[in-house]
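For reference, the chains in residue letters:
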Amino acid sequence: GDESKIKLYYFPFHGRAESIRMLLHHKGVEFTDHIITLEDWMKGDIQKELVMGKLPKLEINGKTLYQSMSILRYLGKLYGYYPTDIDAQFEVDSLIDYLSDFKEGILPYVNAQTNKAKNEALRTFIGPHTKKYLAYFNNAVIKNGNNGFLVGDSWTVADFHVLTFVHTHLTHEFYVEMYGDVIDEFAELKKYRDDRCAELKEYLAARPNFPITYVVMKKLEFLPEE
Ligand SMILES: N[C@@H](CCC(=O)N[C@@H](CS)C(=O)NCC(=O)O)C(=O)O
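Residues numbered from 1 in each chain as written. Predicted model: local features only at pLDDT ≥ 70, side-chain atom pairs only at ≥ 80, totals over all residues. Heavy atoms only, no water.

Turning to the site of the ligand, a few remarks are in order. Close to the ligand lie Tyr10, Phe11, Arg16, Trp41, Lys54, Leu55, Pro56, Gln67 and Ser68, which account for all nearby residues. Bound to the protein, the ligand loses 70% of the 510 Å² it would expose on its own. For the shell around the ligand, the class distribution of residues is five nonpolar, two polar and two charged. (Near = heavy atom within 4 Å. Areas by Shrake-Rupley, 256 points an atom, 1.4 Å probe, with all protein chains shown as cover. Nonpolar A, V, L, I, M, F, W, Y, C, P; charged D, E, K, R; others polar.)

Given below as structure tokens:
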């Protein structure tokens, strides 16, 4: 029946749901990808039902789960994408947390008060900021023996999550123009990305061409400085 079906609720963005979607598709689990439009969200009824007030939400086996990274780990544990060894778990968790730091790097741009400050923040974000994270992930790939995974020798939730950055973000049409081929400088990471994405090829080709996040709904642009 419908009760047993997994339901994911999120906005029409890749955003905080994309690594969850990738994992479920990779496992071949049937689920409903329930897209909540901003218009429906604004009506307020959906918000009222959410105990944490935010999406994503996952319904699974009669339970309702919130918090994207907790959901991702839960599914990882359920479907074999989370290591059992505590040091490997730590590596996975640390990589995931590090990506949260990357995303916070957009905040100076969002909060900047003048066009000049916005441009500066954007230059930093798409330049040194992004490269710092790419360099770290490149080293993680090397440290793990260039075997096509970030931790251990099979998929973990860290792979799904880091792919949302090195694939979903960096190859998105809004970003490509600005980032260009920045990942080309990081050969091992690029190979890792291409290897992992080859396995998700069908899903990546079929998924909707959503904006990356609410913040990045349209192309980030340099603004005129009088
Ligand atoms: N830490 C939460 C954050 C969730 C979150 O901020 N969700 C945003 C969308 S990406 C949201 O629902 N915003 C609507 C609102 O806050 O009114 C998670 O990772 O799930």
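So that's the structure; there's more coming.
A word on the UniProt feature "domain: GST C-terminal" (unreviewed entry) in the protein. As annotated in UniProt, the feature "domain: GST C-terminal" (unreviewed entry) corresponds to residues 85-215 in the numbering used here. Structurally, residues 85-215 is divided into 70% helix and 0% strand, and its ends, taken at the C-alpha atoms, are 36 Å apart. (UniProt positions renumbered as here; feature names shortened; annotations may be inferred. Helix = DSSP H or I, 4+ residues; strand = E, 2+ residues; numbered from the N terminus.)

It is worth spelling out the UniProt feature "domain: GST N-terminal" (unreviewed entry) in the protein at this point. The positions UniProt marks with the feature "domain: GST N-terminal" (unreviewed entry) are residues 4-83. Segment residues 4-83 splits into 41% helix and 22% strand. End C-alpha atoms: 26 Å apart.

So, on to the sheet that holds strand β2 (residues 31-35). Either a parallel or an antiparallel arrangement is found when strands of a sheet pair, and the pairing is made through backbone hydrogen bonds. Overall, mixed pairing links the four strands, which are arranged β2-β1-β3-β4 in an open sheet. Of all strands in the sheet, those bounded by a partner on one side alone are β2 and β4 (63-66). Adjacent strand axes in the sheet meet at a mean angle of 15 degrees when their direction is disregarded. On the sheet, helix α1 (residues 18-27) packs against β1 (6-10) and β2 and is oriented at approximately 155 degrees with respect to β2. Along the sheet, helix α4 (residues 68-79) makes contact with β1, β3 (57-60) and β4, crossing β3 at roughly 30 degrees. (Pairing = 2+ DSSP bridges. Axes fitted to C-alpha atoms, helices over the stretch in contact; angles between N-to-C directions. Contact = heavy atoms within 4.5 Å.)

Let us look at the pattern of salt bridges. Considering all chains together, one arrives at 15 salt bridges under this definition. In this structure, aspartate 33 and arginine 21 form a salt bridge, with 2.9 Å as the shortest nitrogen-oxygen distance. With a gap of 12 residues between them, aspartate 33 in strand β2 and arginine 21 in helix α1 connect regions that are remote in the sequence. Overall, aspartate 33 belongs to the partly exposed group, its relative accessible area being 28%. Three or more residues are tied together by salt bridges with common partners; here these are Glu18, Arg21, Asp33 and Arg207. (Salt bridge = Lys/Arg side-chain N within 4 Å of Asp/Glu carboxyl O. Buried < 20%, exposed > 50% of the residue type's maximum accessible area, 1.4 Å probe, protein only.)

Here the protein is described as being made up of domain 1 (2-79) and domain 2 (86-206). The distance between the C-alpha centroids of domain 1 and domain 2 comes to 22 Å. The interface of domain 1 with domain 2 comprises 12 residues on the first partner and 15 residues on the second. Between domain 1 and domain 2, roughly 1300 Å² of surface is buried when both sides are summed, and carbon and sulfur atoms account for 73% of that area. It is Met22, His26 and Arg73 in domain 1 that bury the most area against domain 2; as a group they hold 48% of the surface buried on that side. On the surface where domain 1 and domain 2 come into contact, there are one salt bridge. Across the pair arginine 73 and aspartate 93 runs a salt bridge, and its minimum N-O distance is 2.7 Å. Where domain 1 touches domain 2, the interface holds five residue pairs in polar contact (both at pLDDT 80 or more). Counting residues per element, the side of domain 1 that touches domain 2 draws most heavily on α1, at seven residues. Looking at side-chain class alone, the side of domain 1 that touches domain 2 contains four nonpolar, five polar and three charged residues. (Domains from an automatic or database assignment. Buried area = accessible area lost by both parts, 1.4 Å probe. Polar contact = N/O pair within 3.5 Å; in protein donor to acceptor, adjacent residues only side chain to side chain.)

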